[in-house]
Amino acid sequence: MRIEKENYILREWNLDDSASLATYANNIKVWNNVRDYFPHPYSQTDGITFISKALSKAKPITDFAIEIDGQAVGGIGIVPNEDVERITAEIGYWLGEPFWNRGIMSQVIRDVANYTFSNFAISKLYAPVFEYNKASMRVLEKAGFIKEAILHKAAIKNNKVIDLHYYALFKM
């Protein structure tokens, strides 16, 4: 899968992306807004490990590189659920700080949502957002997601218990 837009390309990861992935992922401001399994500091070895795992997954692909100016500067992916929740998937994303506030991520999310609804038996995408990440909440709203719930004291980040704001988008 490859989607080319005026200001970015959304595509499958490749091992050549490991250096630029490490450059943009190795940022505490990025890490403060993602799950703890995302390493910090982030090394090129971490990038190789992640990309290798992404490439080994069954098709259709679920992990995408966001390419700008020939470099992988962010990522977005879905995690399809199983069993009785198999009609839903979580969407997660990050973008290198130099590319924030350019309107890129809302469009990337719309592209991945359309891809997901077309290629998987998914009727709902959802994204949990840390209570302090107002920028991500705005990004999701611009992409058509609605706030579905606030789960109080549902997560811990940086040793602080926080609320999770759940956003959802439904297949039309």
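Just so you know, these numbers come straight off a predicted model, no measurement behind them. (Residues numbered from 1 in each chain as written. Predicted model: local features only at pLDDT ≥ 70, side-chain atom pairs only at ≥ 80, totals over all residues. Heavy atoms only, no water.)

## Let's talk about the overall build of the protein
At step 1: Within the protein one finds five helices and eight strands.
At step 2: Taken along the three principal axes of its C-alpha coordinates, the protein extends 40 × 40 × 30 Å.
At step 3: Across the protein, the fraction of contacts at a sequence separation of at least 24, relative to all contacts at a separation of at least 6, is 62%.
At step 4: Here the protein has roughly 9,300 Å² of accessible surface; of this, 52% comes from carbon and sulfur atoms.
At step 5: Within the protein, the 20 negative side-chain charges are centred at a point lying 5 Å from the centre of the 20 positive side-chain charges. (Helix = DSSP H or I, 4+ residues; strand = E, 2+ residues; numbered from the N terminus. Contact = heavy atoms within 4.5 Å. Areas by Shrake-Rupley, 256 points an atom, 1.4 Å probe, with all protein chains shown as cover. Lys, Arg positive; Asp, Glu negative; His and termini not counted. Charge placed at Lys NZ, Arg CZ, Asp CG, Glu CD.)

## With respect to the environment of Ala135
At step 1: Residue position: Ala135 is located in helix H5 (residues 134-142).
At step 2: By relative accessible area, Ala135 is classed as partly exposed at 38%. (Buried < 20%, exposed > 50% of the residue type's maximum accessible area, 1.4 Å probe, protein only.)

## Focus on the side chain of Thr116
At step 1: The topology assignment puts Thr116 in helix H4 (residues 104-119).
At step 2: Filtering out sequence-adjacent residues up to four positions away, Thr116 remains in contact with Ile78, Ile122 and Leu125.

## Side note on the side chain of Ser136
At step 1: Within the secondary structure, Ser136 is located in helix H5.
At step 2: Once you skip the residues sitting within four places of it in the chain, Ser136 turns out to touch Tyr93 and Val129.

## Regarding the pairing of strand E5 (residues 88-95)
Looking down a regular strand, the side chains alternate between one sheet face and the other.
At step 1: Summarising burial for E5: seven of the eight residues are buried, a large majority.
At step 2: Relative to E5, strand E4 (residues 71-80) runs antiparallel, the two sharing seven bridges. Bridging from a neighbouring strand, Pro80 pairs with Ala89 of E5.
At step 3: Bridging between E5 and strand E6 (residues 124-130) involves three bridges; their strand directions are parallel. In the strand pairing of E6, Thr88 is matched with Lys124.
At step 4: The β-α-β motif built from E5, the intervening H4 and the parallel element E6 has right-handed crossover chirality. (Pairing = 2+ DSSP bridges. Right-handed = clockwise from strand over helix to strand, strands pointing away.)

## Some words on the nonpolar core
At step 1: Counting 49 residues, the largest nonpolar core has Ile76, Ile91, Ile109 and Phe145 as the members making the most contacts within it.
At step 2: Ranked by residue count, the leading element in this core is H4, at eight residues.
At step 3: Leaving out residues up to four positions away in the same chain, Phe145 has contacts with Ile91, Ile109, Leu125, Tyr126, Leu140, Tyr167, Ala168 and Leu169. (Core = buried A, V, L, I, M, F, W, Y, C linked by side-chain atoms within 4.5 Å.)

## A word on empty space enclosed by the protein
At step 1: In the structure shown here, the tally under the stated rule is one cavity of 30 Å³ or more.
At step 2: There is about 30 Å³ of room inside the largest cavity.
At step 3: Contributing to the lining of the largest cavity are Glu12, Ala54, Leu55, Ile61, Thr62 and Asp63. (1 Å grid on protein atoms, 1.4 Å probe; cavity = no way out; pocket = protein on both sides within 12 Å on 5 of 7 lines; lining within 4 Å. Points joined across faces, edges and corners; volume = space filled by probe spheres on them.)

## Some details on H4
At step 1: Over its 16 residues, H4 runs 23 Å from end to end, which matches the ideal 22 Å to within 8%, given 1.5 Å per residue.
At step 2: Three or more residues of H4 are buried, namely Ile104, Met105, Ser106, Val108, Ile109, Asp111, Val112, Ala113, Tyr115, Thr116 and Phe117. (Expected span 1.5 Å × (residues − 1).)

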